[in-house]
Amino acid sequence: MNQGNGALRKPELVGWLRPVFSVAIPLYVFLNFSRFYYENIYLTQALTLLLVAAGLALFFIILLKYYSNTLYSFASFFLMLSVIGVSLVGQNDTSKALLLFFANLGFASVLVKYPISPKISRNIFIGFSLVFLALILSGKKAEDIFLVSRNYVSIFFLLLVSIHYFACWRYDTKPSLLYSIVGLLFSVLSIGRAGIVVFAVLFFLTFIFVEEKKAKIILIVTISVSAIFLFLKDHEVELFGSFELIYTGFERFERLGTESARHSINASYLTSAFKNVENFIFGVPLSSLDSVQAVGGNPHNSFINLHVNFGIFGLMVLLISIIIAAGKLFISKSWLVLIVFSACLVRAFFDVAAFYGPLDIIVMMPLVYFLSNVRFLTDFQMSSTQKIT
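Quantities reported herein were computed from a predicted structural model and do not represent experimental measurements.

Quick look at the pattern of salt bridges now. Under the counting rule described, the total for this entry stands at three salt bridges. Here Asp351 and Arg262 are joined by a salt bridge, their closest N and O atoms 3.2 Å apart. Of this pair, Asp351 sits in the loop between helix H15 (335-348) and helix H16 (360-363) while Arg262 is found in helix H11 (residues 261-273), placing the two residues 89 residues apart along the sequence. Residue Asp351 shares its accessibility class with Arg262, and that shared class is buried. Of the residues examined, Asp351 reaches a relative accessible area of 6% and is grouped as buried. Where salt bridges share partners, they join Arg262, Arg347 and Asp351 into one cluster.

This is the structure:
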């Protein structure tokens, strides 16, 4: 199956840039795990400051080294003005969003300009999978690993899988289905409905577009395992003595279906956004929405969060770059990176996972190309005829 070859033209890195760029992505993953895991507020604040400082440093290094006198400089300045305008005129506090957005854009720029190898991304995935497994075996519930929400488990594993898929695409190799299976497993254990759906779709699309030669065998195995799993669920079988299979993400689907506070949040936000010009241009004050305040002020939607922090102008810049990126990836048949790019965007609809969030490093990649004023993906030496071997 042609999946769009992303064969890498390696950038020339000399001196101190090589070690700096080499540790950037592993550092990003570590910080996005640690700052939501530890309970000490001073430690989490220090980790967040480290993320911001490192990301902004990377952003300005790449801005000056690669993109001086280009649209990247102009559009970056425009986005900054957009956020400052929202901060001054709007009623939401966007200072944190400004810092984290451009910090994450710095890490995303590194991923584009100097991508890590599949071997390194695989080791990162394995390492954190073992950490999660050790925590669960020690008696900690998967849904309680992160302080923010059970949903962050699936978001974090989607970040790991996406980085690995992108690395495989850039180095013209094929990822294993095992990554999406592990992500699905941890999503089930953490009882997050959105995560289960996204990883199930991710597995299916990888299975279709990447593993076509093994498709029939894998499909039979998947159906068989699912049938056994559902049989055990219906009979309330206990696993490992204390883990009851009846209470998993599947049970949560059965009990709640698609019911969610997100429906009322989305509806009330859209109503308020079109209620007056100020809300439309600068974002709706979240404090004015009872549906958002009822869930701790979290809009549970990255695109709402984007409008809140950047206003309509920043929102349009991001959406235009995303639409262009998706179209180019589809035309070039770059299925592998399109799969994870789409998965991250879908996941972003159900939680604040991007703009700013851990998935920024993936969803901002199109913005890097869009702002750098280059022909999209030409430096990847794209070919619509080459196949993965």
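Past the structure itself, the notes keep going.
Once that is clear, we can look at a nonpolar patch on the surface. There is a patch of nonpolar side chains on the surface, built from Ile126, Leu130, Leu133 and Leu137 and spanning about 410 Å² of accessible area. On the accessibility criterion, Ile126 (39% relative accessible area) is partly exposed.

The next point concerns the packing of aromatic side chains. With the rule as written, the count across this model stands at 30 aromatic pairs. Taking 5.4 Å as the distance between ring centres and 75° as the angle between the ring planes, the aromatic pair formed by Phe33 and Phe146 counts as edge-to-face. Here Phe33, found in helix H1 (residues 17-34), pairs with Phe146, found in the loop between helix H5 (118-137) and helix H6 (151-170); they are 113 residues apart in sequence, far enough to count as distant. In this structure, Phe33 and Phe146 share a single accessibility class: buried. Measuring from centroid to centroid gives 4.4 Å for Phe101 and Phe310, while their planes differ by 55°, and the two rings are tilted. Placement of Phe101 in helix H4 (residues 95-113) and of Phe310 in helix H14 (residues 302-331) is noted, with a sequence separation of 209 residues between them. Here the two residues Phe101 and Phe310 agree in accessibility, since each one is buried.

Calculation rules
Residues numbered from 1 in each chain as written. Predicted model: local features only at pLDDT ≥ 70, side-chain atom pairs only at ≥ 80, totals over all residues. Heavy atoms only, no water. Salt bridge = Lys/Arg side-chain N within 4 Å of Asp/Glu carboxyl O. Helix = DSSP H or I, 4+ residues; strand = E, 2+ residues; numbered from the N terminus. Buried < 20%, exposed > 50% of the residue type's maximum accessible area, 1.4 Å probe, protein only. Patch = residues over 30% accessible without salt bridge, like charges linked within 9 Å, V, L, I, M, F, W, Y side chains within 5 Å. Areas by Shrake-Rupley, 256 points an atom, 1.4 Å probe, with all protein chains shown as cover. Phe/Tyr/Trp six-rings, centres within 6.5 Å; stacked < 30°, edge-to-face > 60°.

Purely spatial values, then, with no claim about function.
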